[in-house]
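An overview of the molecular structure
So the chains spell out like this:
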Amino acid sequence: MIRRAPLILLLMSLLFLVACGDGETPADEAGVVEEPTVEAPEVPTEEATIDEGVVEEATLPPPVVEGEQPAEAPEGEAPEPAAPEAQEPEAPEPIFPWPQDNFGYGVQVHGNATVGNPADIMDSVANQLGMQWVKVQLRWSTVYPEADAEQWFFYDGVIDEANRRGLNVLLSVVTAPEWTRAAGGEHGPPDDYGQYADFLTETLTRFEGKVHAVEVWNEQNLDREWSTPQGLSPEAYVEFLSLAHETIKAQDPNIIVVSGALSPTGVHDGVTSYDDFLYMDGMVAAGLLDYADCVGAHHNGYNIPPDVTFEEAPALPEAQTAQFRGPFDNPHHSWSFRTTLDTYAETIQAVDPDAKLCVTEFGWPSSEGYDQAPEGFGFALDNTLEEQAQYIVQAFQQMHESGNVWLAFLFNYDFGNKGSGPQDDTVPYSIIDINGVPRPAFEAVAEMDKTP
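Reading guide: rules and limits
- Residues numbered from 1 in each chain as written.
- Predicted model: local features only at pLDDT ≥ 70, side-chain atom pairs only at ≥ 80, totals over all residues.
- Heavy atoms only, no water.
- Axes fitted to C-alpha atoms, helices over the stretch in contact; angles between N-to-C directions.
- Helix = DSSP H or I, 4+ residues; strand = E, 2+ residues; numbered from the N terminus.
- Parallel < 35°, antiparallel > 145°, perpendicular 65-115°, else oblique.
- Left-handed = near helix turned anticlockwise from the far one by under 90°.
- Contact = heavy atoms within 4.5 Å.
- Nonpolar A, V, L, I, M, F, W, Y, C, P; charged D, E, K, R; others polar.
- 1 Å grid on protein atoms, 1.4 Å probe; cavity = no way out; pocket = protein on both sides within 12 Å on 5 of 7 lines; lining within 4 Å.
- Points joined across faces, edges and corners; volume = space filled by probe spheres on them.
- Salt bridge = Lys/Arg side-chain N within 4 Å of Asp/Glu carboxyl O.
- Expected span 1.5 Å × (residues − 1).
- pLDDT = per-residue confidence, 0-100.
- Phe/Tyr/Trp six-rings, centres within 6.5 Å; stacked < 30°, edge-to-face > 60°.
- Buried < 20%, exposed > 50% of the residue type's maximum accessible area, 1.4 Å probe, protein only.
- Core = buried A, V, L, I, M, F, W, Y, C linked by side-chain atoms within 4.5 Å.
- Pairing = 2+ DSSP bridges.
- Right-handed = clockwise from strand over helix to strand, strands pointing away.

Topic: the packing of helix α6 (residues 234-251) against helix α7 (residues 276-285)
Where α6 meets α7, the closest approach of the two axes is 8 Å, and the angle between their N-to-C directions is 50°. Looking at the two axes, α6 sits oblique to α7. Seen from above, α6 lies across α7 with right-handed handedness. Of α7, the residues touching α6 (which contributes Pro234, Glu235, Tyr237 and Val238) are Tyr279, Gly282 and Met283. Its residues assigned to classes, the contact of α6 with α7 comprises 5 nonpolar, 1 polar and 1 charged.

This is the structure:
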């Protein structure tokens, strides 16, 4: 054994040299083999080869696998399958086309994406309020202040974020730019109705698949919204609507076309204001129902509950204490939410029994907690915050149970902290106050049953 030791040492040295990949190993003068210098191993690549008969150890750590790893199975037993990785929840999608027998719950939001965070707003509307629809008023004059200057960024974020949260979008497209009107001003249609149609085409192309209803104009029975040399005209509006209807349906036949909602008004001079009941009669006679899938309606509830007719208002206990006297001392149909919607429904269903309303703006203002009410909106002083909440929920339920309303949009979600203060007439209607704090109506709407 002693005599074989040098041979064994020599063989071991040779194996060591092969494993290290070295060439000739230097020796000192005494013939002793020097210990080789071992260099750091190179990281193998896919093309690297393994020396015959030599198994190399891995030089890279094993891959990191996220999630809990299954325990090793005892010898002879099959290992347990790895738990599936958690999947990201699928993003909700709007219901489109919207079913004809579904009542839609909606709210109007501040539509300017430069004010507030659209992602937070739409998340709150969808996941806190539990709404299905959102209304955005898109001002043509804001997008195109000049013919060659487009500003879509005002609306891109709002519409995109609504869709990401599965909200259906109603666009109310209003205000023609001054450069489209010889008379100037933006509160009226363009002289050439075709320019409005072109803008609709551009809008629906830009937001393809993201717009589910279009309201064609707003309160066209008032000259502050429909100022033309021809004056206020139901027939002229229906001509305008017919071209818009054709344009929208050419882009997507499933988009709901809503006629511009009228303003309930007790003034009828034919110049500054046109009684809404008379204007509705004129539109229906001119063929309104041929060009609208849904008839637009507005009502801002003043200081009487939603189930009270205008004839019943003077007998209410509130008549003895109200600061704003209109509904009590000067009864007129325009004061009453119930009278207005019931009469609209009767008018259109006399021609088409299946015709329905889309209430694109309704609400009750309250200036409780503020030191003033907007000028001309004294009725906001008569509604407490609790009454505001109660009336809104009651109105939603009333519209749903009537069977006459397809879509309903509360006015409004977030103008409270985006307006100019308590004197701004949009602020008392908001369910968020001037400091951004939810009012009682916010919680009431969130907890309200939303049966389709």
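Once the structure has been displayed, the description carries forward.
Brief notes about empty space enclosed by the protein
Under the counting rule described, the total for this entry stands at 1 cavity of 30 Å³ or more. Val109, His110, Asn112, Ala113, Val115, Pro118, Ile121, Met122 and Val158 are the residues that line the largest cavity. Among the elements that take part in the lining of the largest cavity, helix α2 (residues 118-127) stands out by supplying 3 residues, more than any other. Here the lining of the largest cavity is built from residues that sort into 7 nonpolar, 2 polar and no charged.

Comments concerning the pattern of salt bridges
In this structure the tally under the stated criterion is 12 salt bridges. Through salt bridges with shared partners, one network takes in Asp123, Glu161, Arg164 and Arg165.

What to know about α6
Taking 1.5 Å of rise per residue, 18 residues should cover 26 Å, and α6 covers 26 Å from first to last C-alpha, within 8% of that figure. Turning to α6, the residues buried within the fold contact α5 (193-206), β4 (213-216), β5 (256-259) and α7.

A short note on the confidence of the model for the protein
On average, residues of the protein score 86 in pLDDT, and 80% of them reach the 70 mark or higher. β5 holds the highest mean pLDDT among the elements of the protein, 99, whereas helix α1 (residues 5-20) holds the lowest, 35. Below a pLDDT of 50 lies the segment residues 1-70, which in the model reaches 17 contacts outside its immediate sequence neighbourhood of four places, other chains included.

Side note on the packing of aromatic side chains
Two measures describe an aromatic ring pair: the distance that separates the ring centres and the angle between the ring planes. For the structure on display, the rule yields 35 aromatic pairs. Where Trp140 meets Phe199, the ring centres are 5.3 Å apart and the plane angle is 15°; that geometry is what we call stacked. With Trp140 in helix α3 (residues 140-143) and Phe199 in helix α5, this pair connects stretches of sequence that are 59 residues apart. Phe199 shares its class with Trp140; the two are buried. Both rings, one in Trp364 and one in Tyr391, keep their centres 5.8 Å apart while their planes meet at 65°; by these two values the pair is edge-to-face. Placement of the pair is Trp364 in the loop between β7 (357-363) and α10 (385-402) and Tyr391 in helix α10, with a sequence separation of 27 residues. The exposure classification of Trp364 matches that of Tyr391, with both residues buried.

Focus: the nonpolar core
Counting 88 residues, the largest nonpolar core has Val216, Phe362, Phe396, Met399 and Tyr413 as its most contacted members. Residues in contact with Phe396, not counting those within four places in the same chain, are Phe103, Tyr105, Gly106, Met131, Phe362, Ala408, Leu410 and Met448. Within the second largest apolar cluster, 11 residues are counted, among which are Ile256, Val258, Cys294 and Cys358.

As for the pairing of β7
For β7, the tally of buried residues reaches 7 of 7 residues, placing the bulk of the element in the interior. Note: strand β6 (residues 295-300) against β7, 6 bridges, orientation parallel. Bridging across to β7, Gly296 finds its partner in Cys358. Across 4 bridges, β7 lies against strand β8 (residues 405-410) in parallel orientation. Counted as the bridge partner of Val359 is Ala408 from β8. In this fold, the crossover linking β7 to β8 by way of α10 has right-handed handedness.

Some remarks on the sheet that holds strand β3 (residues 168-174)
Across the sheet, which stays open at both edges, the 8 strands sit in the order β5-β4-β3-β2-β1-β8-β7-β6 with parallel pairing between neighbours. The two strands at the open ends of the sheet, each matched to only one other strand, are β5 and β6. With direction set aside, neighbouring strand axes in the sheet form an average angle of 25°. Set on the sheet, helix α4 (residues 153-164) makes contact with β2 (133-139) and β3; between it and β2 the angle comes to about 165°.

So, the packing of α10 against helix α11 (residues 440-447)
Packing of α10 against α11 brings their axes to within 8 Å, and their N-to-C directions diverge by 25°. Between α10 and α11, the angle falls in the class roughly parallel. With respect to the hand of their crossing, α10 and α11 are arranged in right-handed fashion. Across the interface between the two elements, Leu385, Glu386, Gln388, Ala389, Ile392 and Val393 of α10 pack against Pro440, Ala441, Ala444 and Val445 of α11. Its residues placed into classes, the contact of α10 with α11 shows 8 nonpolar, 1 polar and 1 charged.

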